[in-house]
Amino acid sequence: MSAERSVVFIVDDDASMRGALENLIGSVGIEVRAFSSSQEFLAAQRPDVPGCLVLDVRLPGKSGLALQEDLVKAGIALPVIFITGHGDIPMSVRAMKAGAVEFLTKPFHDQEILDAIHAALERDRARRREAALVAELKTRYAALTEREREVMKLVAAGRANKQVAAELGISEVTVKVHRGQVMRKMRARSLADLVRMADRLGLAGAPA
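Here's a quick rundown of the structure. Keep in mind the model is a prediction, meaning the values are calculated, not measured.

Relative to the helices and strands, Gly85 resides in the loop between β4 (80-84) and α4 (89-97). Residue Gly85 is classed as partly exposed on the basis of its relative accessible area, which comes to 46%. For the pair Gly85 and Arg58, spaced 27 residues apart in sequence, the C-alpha to C-alpha distance is 8.7 Å.

See below:
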């Protein structure tokens, strides 16, 4: 495991299951926070670190599936691992379609839940890395002038300098100057790099 802090949240109304999971997950050096209901989990402060949620499907009050759907609607991208003693195919399909990492039926082997947790934490780390990269790219993009943004969109869409010049009504030399500024400000190492950046920003193929 990475030395980076990560947290596994458990929501299960069975105290013995919560205790067993806390001991198991804690034994491999991962921080654990356990809750007996969806409401208790939602009311708690969650640290802004990589994490995942081990969630029982059937809970008092708001069910695990309902909690997962609420998290998705709220834009909380916490990977979910469902555990249940009452698993059925429609329930698991619904959970997986909503983005669950795994759906385990009790009793499960220790290694099964640990493998699912490792996969979920890595998924959250990757999501956070991507979000940080996109945020940095947005900052760089905001530093471009309006004309540089127009040039970037066209270049990323595959237009040659001559075509960009014709579409924008400027000289090819001017396009080259703007293109150089775009590459410098966006810190793009190559045209392919710039295209990937534009794609992450949702600009690729967009009209100027």
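Quick look at the side chain of Arg18 now. Examined against the element boundaries, Arg18 turns out to sit in helix α1 (residues 15-27). One buried charged side chain, Arg18, makes no salt bridge at all; its nearest oppositely charged neighbour is Glu22, positioned 5.5 Å away. Arg18 has contacts with Ile10, Asp12, Asp13, Ala34, Phe35 and Ser36, leaving out every residue within four places of it along the chain.

Next up on the list: the side chain of Asp124. Looking at the element boundaries, Asp124 is found in helix α5 (residues 110-142). Of the polar contacts made by the side chain of Asp124, one reaches the backbone nitrogen of Gly51; its length is 2.9 Å. Those residues in contact with Asp124 that lie beyond four places of it in its chain are Val49, Pro50, Gly51, Ala77 and Pro79.

Another point: the pattern of salt bridges. Throughout the structure, instances matching the rule amount to 18 salt bridges. Linking Lys62 and Asp70 is a salt bridge whose minimum nitrogen-to-oxygen distance equals 2.7 Å. A salt bridge links Arg129 to Glu122; the nearest nitrogen and oxygen atoms lie 3.0 Å apart. For Glu122, a relative accessible area of 36% corresponds to the partly exposed category. Overlapping salt bridges, with partners in common, bring together Asp48, Asp124, Arg127 and Arg128 in one network.

What counts, and at which threshold
Residues numbered from 1 in each chain as written. Predicted model: local features only at pLDDT ≥ 70, side-chain atom pairs only at ≥ 80, totals over all residues. Heavy atoms only, no water. Helix = DSSP H or I, 4+ residues; strand = E, 2+ residues; numbered from the N terminus. Buried < 20%, exposed > 50% of the residue type's maximum accessible area, 1.4 Å probe, protein only. Lys, Arg positive; Asp, Glu negative; His and termini not counted. Salt bridge = Lys/Arg side-chain N within 4 Å of Asp/Glu carboxyl O. Contact = heavy atoms within 4.5 Å. Polar contact = N/O pair within 3.5 Å; in protein donor to acceptor, adjacent residues only side chain to side chain.

Any functional reading would require information beyond the geometric quantities listed.
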